[in-house]
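Here is how the chains run, residue by residue.
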Amino acid sequence: MILTRQCKFILAGVSILLSLVVGINIGVIVYNRKSKSSTIEIQAYKILENNPLIDGHNDLAILIRENFQNKTNDLDLYNMAQYHLVEYTPSPTDITRLRQRQVGGQVYFCFHVLITLKTLYCSINFEYSDVFQLAKTAEEVRQAFNAKRIVSLLNIGGGQAIEGSFSILRLFYQMVDLSHVSTQTTIDPLNISQSPVIFSHSAAYSLCNHTRNVQDDVLELVKRNHGIVMVTFAPYFIKCHSEDPAAIADDAAHINYIRNIAGIENVGIGSDFDGIVVTPKDLEDV
């Protein structure tokens, strides 16, 4: 999948919006303001009308392959909560909720490129072509968003994904995702890459010292690289060494921390929905 620096800014633009949306949800909790008529909530929905909210990491395609063998004829993607799935019950992702929350697009994770492409193109984007649109470039993202379709993007994970073929690697040339690598493996490409890199689902190491999270010196490199750290909703990434369950405020803290070091254009969200069993309070679904 070819993603230009422009596409990175589409992903990064979500950070401003998410800070606003997080503020809304926290306001609901603290002040019990549940009405959608509040000024700040109206402002958030107005922003969503003109700017695509992109989730940097979603495992729905893998979930459909593992649970339904890519057969979607009898699958109601408008109401995925009705199905009892392997490990992840119920699914937090479906068309109804994506539309209600005005999600502009999802980056779908895959280990097996050709199989997942079949899920995305044949099973999802073809059968629900009035809802989803597969995009390979920033311009295609904009076209899909302007057509009121939910953008489908592809993220290839692990060396096994290219199935031993360098031609597949060249075919799916994309931004480098550093969420699943060691610290040194993170630093090396940041020191040599002339293009932005992404962390599709990570968080701030200083707030939660999980090995998957991004340390402060790396955040400085991300700023220099014009890359993006997309904050995950996985509770064990955002809240360490605490008996209290993770909540939306914890995600907000990671977003603000990363913003303060890497810059507001270099932070986004990568939920990991359909890939995590437990979610933070008030972040139960899309």
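Note that the structure is predicted; figures quoted are calculated from it, not measured.

Criteria and thresholds
- Residues numbered from 1 in each chain as written.
- Predicted model: local features only at pLDDT ≥ 70, side-chain atom pairs only at ≥ 80, totals over all residues.
- Heavy atoms only, no water.
- Axes fitted to C-alpha atoms, helices over the stretch in contact; angles between N-to-C directions.
- Helix = DSSP H or I, 4+ residues; strand = E, 2+ residues; numbered from the N terminus.
- Parallel < 35°, antiparallel > 145°, perpendicular 65-115°, else oblique.
- Left-handed = near helix turned anticlockwise from the far one by under 90°.
- Contact = heavy atoms within 4.5 Å.
- Nonpolar A, V, L, I, M, F, W, Y, C, P; charged D, E, K, R; others polar.
- Salt bridge = Lys/Arg side-chain N within 4 Å of Asp/Glu carboxyl O.
- Buried < 20%, exposed > 50% of the residue type's maximum accessible area, 1.4 Å probe, protein only.
- Pairing = 2+ DSSP bridges.
- Right-handed = clockwise from strand over helix to strand, strands pointing away.
- Expected span 1.5 Å × (residues − 1).
- Arc of directions from axis to C-beta.
- 1 Å grid on protein atoms, 1.4 Å probe; cavity = no way out; pocket = protein on both sides within 12 Å on 5 of 7 lines; lining within 4 Å.
- Points joined across faces, edges and corners; volume = space filled by probe spheres on them.
- Polar contact = N/O pair within 3.5 Å; in protein donor to acceptor, adjacent residues only side chain to side chain.

1. As for the packing of helix H9 (residues 183-192) against helix H10 (residues 216-225)
Right, on to step 1. The geometry of H9 relative to H10 is characterised by a closest axis approach of 10 Å and an angle of 25° between their N-to-C directions. When the axis of H9 is compared with that of H10, the two are roughly parallel. Our pair here, H9 against H10, has a crossing hand that is left-handed. Residues Thr186, Ile187, Leu190 and Asn191 of H9 touch H10, and the partners they reach there are Asp217, Val218, Leu221, Val222, Arg224 and Asn225.
Right, on to step 2. Tallied by class, residues from the contact of H9 with H10 come to 5 nonpolar, 3 polar and 2 charged.

2. Considering the pattern of salt bridges
Right, on to step 1. Scanning all chains against the criterion turns up 7 salt bridges.
Right, on to step 2. Measuring nitrogen to oxygen at the nearest pair gives 3.8 Å for the salt bridge that ties lysine 239 to aspartate 250. Taken together, the positions of lysine 239 in the loop between helix H11 (235-238) and helix H12 (248-262) and aspartate 250 in helix H12 put the pair 11 residues apart, joining distant regions of the chain.
Right, on to step 3. For lysine 239, a relative accessible area of 25% puts it in the partly exposed group.
Right, on to step 4. Residue class for aspartate 250 comes out buried when judged on its relative accessible area of 18%.
Right, on to step 5. Here the salt bridges share partners, and the residues they tie into one network are Asp94, Arg97, Arg101 and Asp285.

3. Brief notes about the packing of H10 against H12
Right, on to step 1. For the pair H10 and H12, the least separation of the axes is 8 Å and the interaxial angle reads 60°. With respect to H12, the element H10 is oriented oblique. Pair H10 / H12 crosses with right-handed handedness. On H12, the residues touching Asp216, Leu219, Glu220 and Lys223 of H10 are Tyr257, Ile258, Ile261 and Ala262.

4. Remarks on the sheet that holds strand E1 (residues 54-58)
Right, on to step 1. Pairing in this open sheet of 4 strands is parallel, and the strands run E1-E2-E4-E3 from one edge to the other. Because the sheet does not close on itself, it has two edges, and the strands there are E1 and strand E3 (132-134). Across the sheet, the mean angle from the axis of one strand to that of its neighbour is 30°, orientation sign disregarded.
Right, on to step 2. Relative to strand E4 (residues 150-156), helix H7 (residues 138-146) is tilted by about 150°, and along the sheet it contacts E3 and E4.

5. Here we look at the pairing of E4
Right, on to step 1. In terms of burial, E4 is largely enclosed, as 7 of its 7 residues are buried.
Right, on to step 2. Note that strand E2 (residues 105-110) and E4 share 6 bridges and pair parallel. Within E4, the position partnered with cysteine 110 by the bridge is isoleucine 156.
Right, on to step 3. Where E3 lies against E4, 3 bridges are found, and the strand directions are parallel. By the bridge assignment, phenylalanine 132 is partnered in E4 with isoleucine 150.
Right, on to step 4. Crossover connection from E3 via H7 to parallel E4: handedness right-handed.

6. Some words on helix H3 (residues 39-50)
Right, on to step 1. With 12 residues, H3 should cover 16 Å at 1.5 Å per step; its first-to-last C-alpha distance of 17 Å lies within 8% of that length.
Right, on to step 2. Within H3, the full set of buried residues consists of Glu41, Ala44 and Leu48. The arc that holds the buried residues of H3, viewed along the axis, is 55°, so those residues lie on one side. For H3, the exposed residues lying more than 90 degrees away from the buried face are Thr39 and Asn50.

7. A word on empty space enclosed by the protein
Right, on to step 1. Throughout the structure, instances matching the rule amount to 2 cavities of 30 Å³ or more.
Right, on to step 2. Considered as a void within the structure, the second largest cavity measures approximately 80 Å³ in volume.
Right, on to step 3. In this structure, the second largest cavity is lined by 13 residues; those nearest its centre are Val181, Thr186, Thr211, Asn213 and Val214.
Right, on to step 4. Classifying every residue of the lining of the second largest cavity by side-chain character gives 5 nonpolar, 7 polar and 1 charged.

8. Some points on the side chain of serine 91
Right, on to step 1. In this structure, serine 91 sits in the loop between helix H4 (60-68) and helix H5 (95-100).
Right, on to step 2. A polar contact of 3.2 Å, which involves the side chain of serine 91, links it to the backbone nitrogen of threonine 93.

Just geometry here; none of it tells us what the structure is for.
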